[in-house]
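Each chain is listed here by its residues.
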Amino acid sequence: MGLAERLGFRGRLIAAMIALVVLVSLVIGALLMVYLFEDEKSRATQQLTIGERMTREVMARRTDLNLSRLSVVVQDFGFRSAVASGDPATLDSALENHSRRAQADFALLINSAGDLLASTLNHRMPEVPRALDQTGPASATTRAFTYVGGQGYEILQVPVEGPGLRARLVAGFRLDQSLANVIARLSGTDVVFRARTRAGEGFQILAATGDHEMPMTQELTPAPRTRNLFDPTQYFSRTINLGGDSAPDIEAVLMISREASLQNYYTRAEEIGLLVSAILVLAILLALVIARYLGKPVLQLADYARAVGDGQNPTPPDIRIGGELRRLRNALGDMLERLREREAHIRYAATHDDVTGLGNRNALMQSARELFDEKGSCTLIGLRLDDLSDVNDTLGLEFGDKVLTGLSERLQAELPDARIIARTGGGEFLALVPSRSPERVDALTRHLHAVIESPLQINNTPFSIRAVMITMELPTDAADTNELRRRLNLTFEQAQEHPERVTRYQPGQDESHLRELQLISDLHTAISDNGLHMNYQPKLDTRTGQLVQVEALVRWIHPELGFVSPEEFIFLAEQSGQIHDLTAHILKRVAADARAWAEQGIDAGIAINLSAMDLTWPALTKHIAETFSDWHHDLDRITLEVTESALMEDPDEALATLNQLKALGVTLSVDDFGTGYSSLSQLRKLPVQELKIDKSFVLKLDSEPQDQLIVKSTIDMAHGLGLKVVAEGIETLPAWQLLQQWGCNLGQGFYLSRPVAATDLAETARSLVARHQELTKRPMEYSQ
């Protein structure tokens, strides 16, 4: 069972609703998180923009202030006098004093040729003139940034005139920690001043606010060429090039800690997560409530539909909500009503006859079953019309239905106390009536038979019909419905063959029927498993006493029932459609035995009996030809015996088959001649070569003059028609000698030899040879 089936409708509804809520909540939460992140990122960027503008403003104001101070210095009379004196000691002293007043970190005095006149430094700083050369002409106020001695400086140059350009005052103002703190305080960002002396080298930190010195140092080292040196996962940053094109490697970096900046974002994210979780829980609870609310009527409808399917009469569920579910409930209710009507119609049709309105076979068997279950007793009266099919064929089905309706009305009138009256077949009626004594049952059935056969008024025309009736006592004659059905048919069949019009079931009939069914079933197995036996009875030439032919006689020893007469199982084979298989099996066995005799030196033809139904077997001639294709004699040594009755059942088809067999070359014989109804004119047309006088005329041949007259006349007639004559049933020497005297060609009987097995035929042949004198000796009165 799949997961969807285990969940059921309500489970799937809950799962779908929860999945939808989770999806929507996650999407909304994700969108909020992205929006908040972008908002915090935009805030940081905006703050960096403000910081950049503030940094440039602070640096510009600082430069203006320093230039103002330097201008005051260069216009100071004392300073200018010192410059005009050209005395180095005076210049150094004036430069030291005035640079301190200007709050410069160092100062240089350079003449118009670029030579150093005085310095507050103790060493030469070649980088300063080169930086000033890059900013503009010497006669103008210039500004530059440089990296000197591990420190970054803003370099300002102011010309000293008087008259003409007398010198240039160069002052350096360090990019120090106090400047960084001022910018950081005003911009709200961390500030880092950094620089590098040569391209390809790493940046050196000049000053920094916050606690970023160590991380920045680590980051600057492995990627010196990269301008975006800060980990974007930790900082939002912006780099400001302080020196411009003249000094691109001195920068101010503004930084905002990402963690600090996103702290608000994280707080909001937690709040959103809690909100989404709360919404999710609430939504799940709501989904459960809704699913229960929606699933309950569905389950009620499912139970309602199941009860309808089980054939119950349930009350429609109370569906308070409208719409589709109420329509479904109403549809199920309508369906239930239609099912009841249809079921009632089907039940009536299944238990009633549509012509007479009586019960049918199902109803009668159901009533009988209830009777057996109740351990009750009753008398079954059966009625079967003889000529209903002829009435339908000649007078029409409508007339036949009126006959049935009239008979049903008579039965209901005559059997008012019947448990049930049913029409169980075309012209068959059965009724269960209370038990009566045998005399009263006989009186009732004879009276009922007289009423049934009395003329009916149909279309103002009197009409009579013949019928047979049966009676059975239940449960004496049948203890269950299976026995009842089987014995009913047997009794009806017996009644139709019996001259009495009312027949009572006789115990023991059913056993015979069961024996026949078993024989029919087991005969197929006996044929396929080679379970039949073949015996052979010799036929002797009456003149020489020699064995010239054997008659094949099939025998069946049933493993349970013992010996089964050939007449019985051959008849059952004909009735069950197995006669062709049986004939084919006999032909095959006989052919095999004949080949074995030939190898033993026994020279004998064979005679095989054919059934009347074999003469209607289209493949008979071909099958015989194929079976005896390697026959060691001419085919005329094979004699096929056919009874008179078989020939008379369908003379035309039998004649056609016999002609085919004659063309094949076999010998044809009329078996049991004298017991059938063939006329001499019919016999004259048959392509046979032999007559076989029935043994009933031969058994008492030596003592019955009439039999002698019949046999002798038959022999003379057959010889007159050119036929050979075989006499069977010879049991005495006088009978054998009479047949010899009358010229009978072949003789067969217990006096000569009983039927023997195939393996015993050689010994039988030798015993017959030993009896040659006995069999050929004729009495004196016959020898002449």
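Our subject is the structure that appears above.
### As for the overall build of the protein
Okay, so step 1: The secondary structure content of the protein amounts to 26 helices and 26 strands.
Okay, so step 2: Relative to a compact globule of 784 residues, whose C-alpha radius of gyration would be 28 Å, the protein shows 67 Å and is clearly more extended.
Okay, so step 3: Dimensions of the protein, computed from C-alpha atoms along their principal axes, come out at roughly 205 × 80 × 45 Å.
Okay, so step 4: Looking at the protein as a whole, 43% of its 784 residues qualify as buried.
Okay, so step 5: At a minimum sequence separation of 6, the contacts of the protein that also span at least 24 residues come to 63%.
Okay, so step 6: Accessible area of the protein: about 40,600 Å², with a carbon and sulfur share of 52%.
Okay, so step 7: Within the protein, one finds 78 positive and 103 negative side-chain charges whose respective centroids are separated by 11 Å.

### A closer look at the side chain of E52
Okay, so step 1: By the secondary structure assignment, E52 is in helix 1 (residues 3–74).
Okay, so step 2: A distance of 3.2 Å separates a polar atom in the side chain of E52 from a polar atom in the side chain of R238.
Okay, so step 3: Beyond its immediate chain neighbours, meaning those up to four positions away, E52 contacts R238, I240 and L254.

### Examining a negative patch on the surface
Okay, so step 1: Taken together, the side chains of E649, D650, D652 and E653 make up a negatively charged region of the molecular surface.
Okay, so step 2: Considering the arrangement of structural elements, one finds D652 in helix 20 (residues 651–664).
Okay, so step 3: A relative accessible area of 64% means that D652 is categorised as exposed.

### Overview of the sheet that holds strand 12 (residues 428–434)
Okay, so step 1: Across the sheet, which stays open at both edges, the five strands sit in the order 11-12-10-15-16 with mixed pairing between neighbours. Each edge of the sheet is formed by a strand with only one pairing partner; in this case those strands are strand 11 (420–423) and strand 16 (502–504). Across the sheet, the mean angle from the axis of one strand to that of its neighbour is 20 degrees, orientation sign disregarded.
Okay, so step 2: Across seven bridges, the pairing between strand 10 (residues 378–385) and strand 12 is antiparallel. Each residue of the ladder has a partner; that of R384, found in strand 12, is E428.

### Description of helix 15 (residues 509–528)
Okay, so step 1: Between its first and last C-alpha atoms helix 15 spans 30 Å; for 20 residues at 1.5 Å apiece the expected length is 28 Å, and the two agree.
Okay, so step 2: Where helix 15 bends most, at D522, the angle is about 25 degrees.
Okay, so step 3: Along helix 15, the residues that are buried comprise Q509, D510, L519, L523, A526 and I527.
Okay, so step 4: If you follow the buried residues of helix 15, they end up packed against helix 14 (481–497), strand 18 (547–558), strand 19 (562–564), helix 16 (566–576) and helix 17 (579–600).
Okay, so step 5: Immediately downstream of helix 15, the backbone of N530 shows phi near 60 degrees, a positive value.

### Considering the nonpolar core
Okay, so step 1: Ranked by size, the top nonpolar core spans 80 residues in total, and within it F628 and L739 carry the most contacts.
Okay, so step 2: Examining the composition of this core, we find that nine residues originate from one element, helix 17, more than from any other.
Okay, so step 3: One finds I381, F399, L411 and M469 within the second-largest nonpolar core, a separate group that totals 26 residues.

### Considerations on the pairing of strand 2 (residues 116–119)
Okay, so step 1: Relative to strand 2, strand 1 (residues 106–110) is paired through three bridges, and the arrangement is antiparallel. Residue L109 lies in a different strand from strand 2, and its bridge partner there is A118.
Okay, so step 2: A loop of five residues connects strand 1 with strand 2, the two strands running antiparallel in sequence, and G114 in this loop sits at a positive phi of about 95 degrees.

### Considerations on the packing of helix 10 (residues 361–373) against helix 14
Okay, so step 1: At a minimum axis separation of 10 Å, helix 10 and helix 14 run at an interaxial angle of 130 degrees. For the element pair helix 10 / helix 14, the angle class is oblique. The two elements helix 10 and helix 14 meet at a crossing, and its hand is right-handed. Judged by residue contacts, R361, M365, A368, R369 and F372 of helix 10 engage T481, L484, R485 and L488 from helix 14.
Okay, so step 2: Residues belonging to the contact of helix 10 with helix 14 are distributed by class as follows: five nonpolar, one polar and three charged.

The rules behind these values
Residues numbered from 1 in each chain as written. Predicted model: local features only at pLDDT ≥ 70, side-chain atom pairs only at ≥ 80, totals over all residues. Heavy atoms only, no water. Helix = DSSP H or I, 4+ residues; strand = E, 2+ residues; numbered from the N terminus. Rg over C-alpha atoms; globule rule 2.2 N^0.38 Å. Buried < 20%, exposed > 50% of the residue type's maximum accessible area, 1.4 Å probe, protein only. Contact = heavy atoms within 4.5 Å. Areas by Shrake-Rupley, 256 points an atom, 1.4 Å probe, with all protein chains shown as cover. Lys, Arg positive; Asp, Glu negative; His and termini not counted. Charge placed at Lys NZ, Arg CZ, Asp CG, Glu CD. Polar contact = N/O pair within 3.5 Å; in protein donor to acceptor, adjacent residues only side chain to side chain. Patch = residues over 30% accessible without salt bridge, like charges linked within 9 Å, V, L, I, M, F, W, Y side chains within 5 Å. Salt bridge = Lys/Arg side-chain N within 4 Å of Asp/Glu carboxyl O. Pairing = 2+ DSSP bridges. Axes fitted to C-alpha atoms, helices over the stretch in contact; angles between N-to-C directions. Expected span 1.5 Å × (residues − 1). Bend = angle between axes of the 7 residues up to and from the residue. Core = buried A, V, L, I, M, F, W, Y, C linked by side-chain atoms within 4.5 Å. Parallel < 35°, antiparallel > 145°, perpendicular 65-115°, else oblique. Left-handed = near helix turned anticlockwise from the far one by under 90°. Nonpolar A, V, L, I, M, F, W, Y, C, P; charged D, E, K, R; others polar.

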